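Coordinate analysis (summary)
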Amino acid sequence: MLVMKFGGTSMEDAKAIDRAAAIVKSRLPQQPVVVVSAMAKVTDQLLATARAAGTGDREQALKLSRRLRERHYNVAGELLGTGLFTQFHSELESDFDALDELLRGIAAVRELTPRTTDMVAANGELLSSKIAAAAFSARGLKTKLVDARECIVTDDTHARAIPYFEDTKERLRAEVKPAVDAGRVPVMGGFIGATRSGTTTTIGRGGSDFSAAIVGAGLDAERIEIWTDVDGMMTTDPNLCPEARRIKVISFDEAAELAYFGAKVLHPATLLPAIQKNIPVYVLNSRNPTCEGTRITARAPRCRNLFKAIAAKKRITIIDVAATRMLMAHGYLKSIFEAFDRHRVPVDVVSTSEVSVSLTVDSTAAIPTLAEDLAKLADVKYEGRKAIVCLVGEALREAPGVAARVFGVIPEVKIRMISQGASEINLTFVIEEEAVPEVIKRLHAAFFSEVDPEVFE
Ligand code: ADP
Ligand code: ASP
Ligand code: MG
């Protein structure tokens, strides 16, 4: 069995869905289970629609919803042709009528909660999976449309719900496995799930990759394929640096660090279920399906390059906490981290000296209240518009002089924090956000102008 996940751009229009159908067909003997994202940009648009309704702007919300309705009708019409679309149309119509009803309700009470936001946002994947399943059937595939809310069981942390793996596995075995055994291709939406009591949830932006991995692990798949719009994981974001090279093979640990520190091509949680079950993950290009992509596996071959890739994560805030009176006192770090925990703000990078601690967090609305809380312990300063740059490679473990080589390439760049050692395979530092493009270009030129042909293309 194989899980194939198609991202937003691989579902963006009728042509893309048609290509996806052909790719799925080419894998039929391996018994594919298909997980799809919403069509490109639809989740953003649904969230904008929900926000408009939340401010009481009913007309604007319904106008945005009408645009989404038209786009989905057009794509389904093009994929199915007039005959089939006539039957299918009423299904889409009732979904959009229900969405409009929900938007009217939100606008009437002028209150958008995380729970209702998830109910709106989930429509992207509910609709795209329905359309993909119908299109695949029309192209001769025996499909089964699966409602992800009946399989992916999560807690009720709306917008970033946490899956319950055991419950999910049981549901997948009951809902999805029999269809595969009967020679059908299950098609389900990523990103969405439901609580045990059936309330719709979402598992975080970009979360369809994670859904695919959860399904793969739950069904003991032989491989998980992430179909996207680039040839694989690259040595850096090809949008920032067109010279980026394809990585042919990379280890789970390396890829997980990259995903966590900004390589958007994979959702950071994707590899956890795959690692637990040792299922290889492939990143592939739906516009160039013959390219062999990137294989992510437990062990990667030795690589002559020091690094495998460079990632950058923007919209970071540095929080500096300094307390001279805490000199030599124990429990200081504990009380700092407890404050982060109380405000549910996750920390990425930490540097400490005797009395001051610098931490980075994703810039969020919770920072001012967190800082107020921390100010009870120490002096607190925070500053946004920072970025984390992370260089990853297993060769780092043994190589001497790494920091000198890296910082020698960017001698005039102001480095705000440095961290190396925690995972032994990355060197991470924090800079001003606007320096990112230049820093990435220079580092890439320095470390990837020549590449090991076994590992890169
Ligand atoms: P999808 O909609 O298929 O989930 P995403 O937009 O989430 O696709 O992820 C693919 C994008 O990730 C690429 O278009 C690329 O711009 C970006 N990206 C960032 N870092 C990397 C990297 N190291 N390798 C490949 N792509 C990257
Ligand atoms: N559609 C969701 C998003 O845009 C999930 C995904 O595409 O992975 O965040
Ligand atoms: Mg994505």
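What counts, and at which threshold
Residues numbered from 1 in each chain as written. Chains lettered and ligands numbered in written order. Predicted model: local features only at pLDDT ≥ 70, side-chain atom pairs only at ≥ 80, totals over all residues. Heavy atoms only, no water. Helix = DSSP H or I, 4+ residues; strand = E, 2+ residues; numbered from the N terminus. Rg over C-alpha atoms; globule rule 2.2 N^0.38 Å. Buried < 20%, exposed > 50% of the residue type's maximum accessible area, 1.4 Å probe, protein only. Pairing = 2+ DSSP bridges. Axes fitted to C-alpha atoms, helices over the stretch in contact; angles between N-to-C directions. Contact = heavy atoms within 4.5 Å. Near = heavy atom within 4 Å. Polar contact = N/O pair within 3.5 Å; in protein donor to acceptor, adjacent residues only side chain to side chain. Areas by Shrake-Rupley, 256 points an atom, 1.4 Å probe, with all protein chains shown as cover. Nonpolar A, V, L, I, M, F, W, Y, C, P; charged D, E, K, R; others polar.

Attention now moves to the overall build of the protein. Check the secondary structure of the protein and you find 14 helices and 16 strands. The C-alpha atoms of the protein give a radius of gyration of 23 Å, which matches the 23 Å a tight globule of 457 residues would have. Structurally, the protein occupies a C-alpha span of about 75 × 55 × 40 Å along its principal axes. In the protein, buried positions account for 53% of the 457 residues.

Pairing is mixed in the open sheet, where 8 strands are placed in the order E3-E4-E2-E1-E7-E9-E10-E8. Edge positions in the sheet fall to strand E3 (143-146) and strand E8 (249-251), since each has one partner strand and no second. The average undirected angle you get between the axes of adjacent strands in this sheet is 20°. Across the sheet, helix H1 (residues 14-26) lies against strand E1 (2-6), strand E2 (32-36), strand E4 (185-189) and strand E7 (223-228), angled at about 170° from E1, the strand it touches most. Against the sheet, helix H9 (residues 252-260) touches E8, strand E9 (281-285) and strand E10 (294-297), its axis set at about 85° to E8.

Below, the discussion takes up the site of ligand 2. The local shell around ligand 2 consists of Ser37, Ala38, Thr43, Glu125, Phe191, Arg205, Gly206, Gly207 and Ser208. Within the backbone of Ser208, an N or O atom sits 3.0 Å from an oxygen atom of ligand 2. Alone, ligand 2 offers 270 Å² of accessible surface; in the complex the protein occludes 86% of this. Here the residues of the shell around ligand 2 sort into 2 nonpolar, 5 polar and 2 charged.

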